[in-house]
Protein chains: 2
Amino acid sequence: MSTVENARAKAVTLRDVARAAGVSLSTASKALNGRADVRPETRRRVAETAERLAFRPNAAAQLLPTGRTGTVGLITSDLEGRFSIPILMGAEDAAGAGKMSVFLCDARDDTIRERYHLEALLSRRVDGIIVVGSRTDPRPSLGHDLPVPVVYVYAPSDSPEDLSLVPDNVGAGRLAVEHLLATGRRRIVHIAGDPTYAAARDRVEGVTAALAEHGLDLVGGRPPAYGAWSEAWGRTAARALLEAEPDVDGVVCGSDQIARGVLDALKDLGRRVPQDVAVVSFDNWEILATGSVPQLTSVDMNFESLGRMAARRLFAAVDGTRERGTLTQPCRLVVRGSTVVGA
Amino acid sequence: MSTVENARAKAVTLRDVARAAGVSLSTASKALNGRADVRPETRRRVAETAERLAFRPNAAAQLLPTGRTGTVGLITSDLEGRFSIPILMGAEDAAGAGKMSVFLCDARDDTIRERYHLEALLSRRVDGIIVVGSRTDPRPSLGHDLPVPVVYVYAPSDSPEDLSLVPDNVGAGRLAVEHLLATGRRRIVHIAGDPTYAAARDRVEGVTAALAEHGLDLVGGRPPAYGAWSEAWGRTAARALLEAEPDVDGVVCGSDQIARGVLDALKDLGRRVPQDVAVVSFDNWEILATGSVPQLTSVDMNFESLGRMAARRLFAAVDGTRERGTLTQPCRLVVRGSTVVGA
DNA sequence: CTGAAAGCGCTTACAG
DNA sequence: CTGAAAGCGCTTACAG
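Rules used in this analysis
Residues numbered from 1 in each chain as written. Chains lettered and ligands numbered in written order. Predicted model: local features only at pLDDT ≥ 70, side-chain atom pairs only at ≥ 80, totals over all residues. Heavy atoms only, no water. Domains from an automatic or database assignment. Contact = heavy atoms within 4.5 Å. Buried area = accessible area lost by both parts, 1.4 Å probe. Salt bridge = Lys/Arg side-chain N within 4 Å of Asp/Glu carboxyl O. Polar contact = N/O pair within 3.5 Å; in protein donor to acceptor, adjacent residues only side chain to side chain. Nonpolar A, V, L, I, M, F, W, Y, C, P; charged D, E, K, R; others polar. Pairing = 2+ DSSP bridges. Helix = DSSP H or I, 4+ residues; strand = E, 2+ residues; numbered from the N terminus. Axes fitted to C-alpha atoms, helices over the stretch in contact; angles between N-to-C directions. Near = heavy atom within 4 Å. Parallel < 35°, antiparallel > 145°, perpendicular 65-115°, else oblique. Left-handed = near helix turned anticlockwise from the far one by under 90°. Buried < 20%, exposed > 50% of the residue type's maximum accessible area, 1.4 Å probe, protein only.

Per an unreviewed UniProt entry, chain A is named LacI family transcriptional regulator, and its organism is Georgenia muralis.

Caption draft 1: Region of the structure containing the domain arrangement of chain A. All names here are of chain A. Looking at chain A, the domain boundaries give domain 1 (14-57), domain 2 (67-167 + 303-329) and domain 3 (169-301). Centre-to-centre separation of domain 2 and domain 3, based on C-alpha positions: 32 Å. Taken together, the six residues of domain 2 in the interface contact eleven residues of domain 3. A combined buried area of about 860 Å² lies between domain 2 and domain 3, and 46% of that area is made up of carbon and sulfur atoms. At the surface where domain 2 touches domain 3, the tally comes to one salt bridge. Between R201 and D137 there is a salt bridge, and its shortest N-O distance comes to 3.8 Å. Scanning the region where domain 2 abuts domain 3 turns up five residue pairs in polar contact (both at pLDDT 80 or more). Looking at the side of domain 2 that touches domain 3, its residues break down into two nonpolar, one polar and three charged.

Caption draft 2: Region of the structure containing the sheet that holds strand β9 (residues 278-283) of chain B. Residue and element names in this part refer to chain B. With mixed pairing, the five strands of this open sheet are ordered in space as β7-β8-β9-β10-β12. Taken across any chain shown, the strands that pair with only one partner, and hence form the sheet edges, are β7 (188-191) and β12 (332-334). The mean angle between the axes of side-by-side strands here comes to 20°, regardless of whether they run parallel or antiparallel. Both strand β10 (residues 297-300) and β12 contribute to a ladder of three bridges, which runs antiparallel. Among the inter-strand pairings, S298 is bridged to a residue of β12, identified as V334.

Caption draft 3: Structural view of the protein's contact with DNA strand C. Around DNA strand C there are 24 residues in total, and A:L14, A:S29, B:K30, B:D37 and B:T42 lie nearest to it. Taking the atoms of DNA strand C that fall within 4 Å of the protein, sugar and phosphate contribute 63% of them. Between DNA strand C and the protein, one listed contact pairs a phosphate oxygen with a side-chain N or O atom of B:T42 at 2.6 Å. For the surface near DNA strand C, the elements supplying multiple residues, two or more each, are α2 (25-32) and α4 (59-63) of chain A together with α2 (25-32) of chain B. Of the residues that constitute the surface near DNA strand C, the class distribution is nine nonpolar, ten polar and five charged.

Caption draft 4: Representation of the packing of helix α9 (residues 231-244) of chain A against helix α10 (residues 256-268) of chain A. All names here are of chain A. Their axes nearest at 6 Å, the elements α9 and α10 cross at an angle of 45°. Classified by the angle their axes make, α9 and α10 are oblique. Handedness of the crossing formed by α9 with α10: right-handed. For the pair formed by α9 and α10, the contact residues are E231, W233, G234, R235, A238, R239 and L242 on the first element and Q257, I258, R260, G261, V262, D264, A265, L266 and D268 on the second. A class-by-class count of the residues in the contact of α9 with α10 yields seven nonpolar, three polar and six charged.

Caption draft 5: Spatial organisation of the pattern of salt bridges. Enumeration over the complete set of coordinates arrives at 48 salt bridges over all chains. The closest approach of N and O atoms between B:R45 and B:E41, which form a salt bridge, is 3.4 Å. Here B:E41 and B:R45 lie together in helix α3 (residues 40-53), a separation of four residues that amounts to about one turn. With relative accessibility at 29%, the residue B:R45 sits in the partly exposed group. Assessed through its relative accessible area of 35%, B:E41 is described here as partly exposed. Connected via shared salt-bridge partners are A:E92, A:D93, A:R308, B:D106, B:R108 and B:R113.

Caption draft 6: Focus on the sheet that holds strand β9 (residues 278-283) of chain A. Residue and element names in this part refer to chain A. Taken in spatial order, the five strands line up as β7-β8-β9-β10-β12 in an open sheet, and their pairing is mixed. Single-partner strands in this sheet number two, and they are β7 (188-191) and β12 (332-334). In this sheet, neighbouring strand axes are inclined to one another by 20° on average, regardless of whether the strands run parallel or antiparallel. Sitting on the sheet, α10 is in contact with β7, β8 (250-253), β9 and β10 (297-300), with an inclination near 160° to β9.

Caption draft 7: How the structure looks around the protein's contact with DNA strand D. In the neighbourhood of DNA strand D, 24 residues make up the surrounding shell, with A:K30, A:D37, A:T42, B:L14 and B:S29 lying closest. Here DNA strand D approaches the protein such that, of its atoms within 4 Å, sugar and phosphate make up 63%. With respect to DNA strand D, the side chain of B:N33 contributes an N or O atom lying 3.0 Å from a phosphate oxygen. At 3.4 Å from a phosphate oxygen of DNA strand D is found a side-chain nitrogen or oxygen belonging to B:R35. Counting only elements with at least two residues in the surface near DNA strand D, the list comes to α2 of chain A together with α2 and α4 (59-63) of chain B.

Caption draft 8: Structural context of the interface of chain A and chain B. Between chain A and chain B, the residue contacts involve 73 residues of the former and 73 residues of the latter. Surface buried jointly by chain A and chain B totals about 6400 Å² across both partners, of which 45% is contributed by carbon and sulfur atoms. Scanning the region where chain A abuts chain B turns up twelve salt bridges. With a closest N to O distance of 3.8 Å, A:E92 and B:R108 form a salt bridge. Our count for the chain A to chain B interface comes out at 28 residue pairs in polar contact (both at pLDDT 80 or more). Split by residue class, the side of chain A that touches chain B holds 32 nonpolar, 18 polar and 23 charged.

Now the structure itself:
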């Protein structure tokens, strides 16, 4: 049920408005832009005409003289993941209601594609570029001779000349442990994520540091169990750990996915969560964290806030205030039933 | 660890290139655009100069004379969900490597925001607009007097004057049932999603229609169990249904979330999946469908393909071939272990 | 083969 | 208070 046809209106231009209102181009422009020195009656007439013709100023032409485009490019390699979207939303918020429009480009972790999109964005004269990676490991810089500022988010640039914003995964590890300790747990294990990821290693670092500060260690002095970012790994590791250390009373999971697997295993083993064992994880991925029984206590990476900060830094750079280096942004613990009864 | 500083280069213009190469603006333009009537030596010199200065043509200025911008707007209300991203990727693919850049706008299911973004996009003179909704229920049209073509995806426009593309949820329901029947199941129940969603009702329609065609009905002739798009609903409903109809051998779940709850309940009840009961669902949301034991057989909505189609239709409309009405796109069954042993 | 000129849609000094 | 003119960065007939 669809029919074909031909159509297409031509965009209304300021010249059309001026002509219809019987004034010159410049007067029409001044009238619509609220500049002084226009007779009120004229201003009204032009405004009405513009309204009637549904005139929408051509943003590009409007900004041509200023050299700005009111446009930002967002190159991401994490479109299927969860980082870029909240970051985009934060950036949109920071820009302020519609002042700035965002080009979203999907680089798919491919250097060629990334380069390609970069060129396209520069051709479109974006005022600045945000680059979002899929992991917190440093990535190659896009270079320092670009005509517009660049901010790297989540995946930092490997060059100290660039500005990067990353979540504080070490701090996140600390948050998880401090919370377990606060709920009275002492025999804690850590089922970590993929060891090739800086995020996994940083979280481990935070976990062990926080324990050490309290004179504790991972149960049995065992090393953190690295594995994969998957439910399957959570299940496997939990079974093995609880066999080796039956009196565990707290589990820090490298991610919500891992935690879901851990919850399943604990249930199979007849352990009550949180009464017997408390479970805390990272990411706070809603769909996973709130679907389980009990729901997951999880450390949120604050992506949206990261996006807002990135956008603010980018706008500052566009205005001439450029920063360098890697900025770390704190994470935030969200408490639910897997660590506190009834939470 | 970050330092502040001031910087900013001015974008290189064609005039700069022409001057540096010692030719006129027009010659520089012709040389770079491969037009005939330029001495090879001149062409080479200009090209080298452009390269050396890292000249990037201003896309807006380049297209100004044509009236096109090589730009598309994507207004979505499903940024946190899963529809808009694959749709965006499909659209990007259809456009062809970087020919077209996409403005992504987040309407957040708010008419005001949507209107606002629409105006901003029109001001930026996008060549066309794709509107993505968060549910398949018809939504208000943006209007028919817009200067550029609009394609509605996932959420169709309520006006037959508009072009809309939606997944075939009725067909999806059929696919699910046909598959269960093919694996020998006959005593089938349906734990449906939120009844206020057309998607939930359409899937139910497909499920019952397919059963009827085989002379079957839902077990016990009971109505489909409508509820919510959640794991909790899946758990609750599965327990109730299996108590009422203990010999069920197949469950169609309204979504992967529901299916995850159903799997949990079946496990608690001691039913083996798929040996005793087969489970099939909709959406094929990787993170949910591949994390469970067994993994979920699920009907994929083909969002990426939907996005490609939308982009192609949009480009056709931009070129003057406009269609109207609602087009339905088939879904695709992905078989995994919840219906077939070892799949 | 090369370049001066007009035009794409706007804004902004600068005259009147 | 109003308008003619220049300019933002490019392309494209049109002269030379």
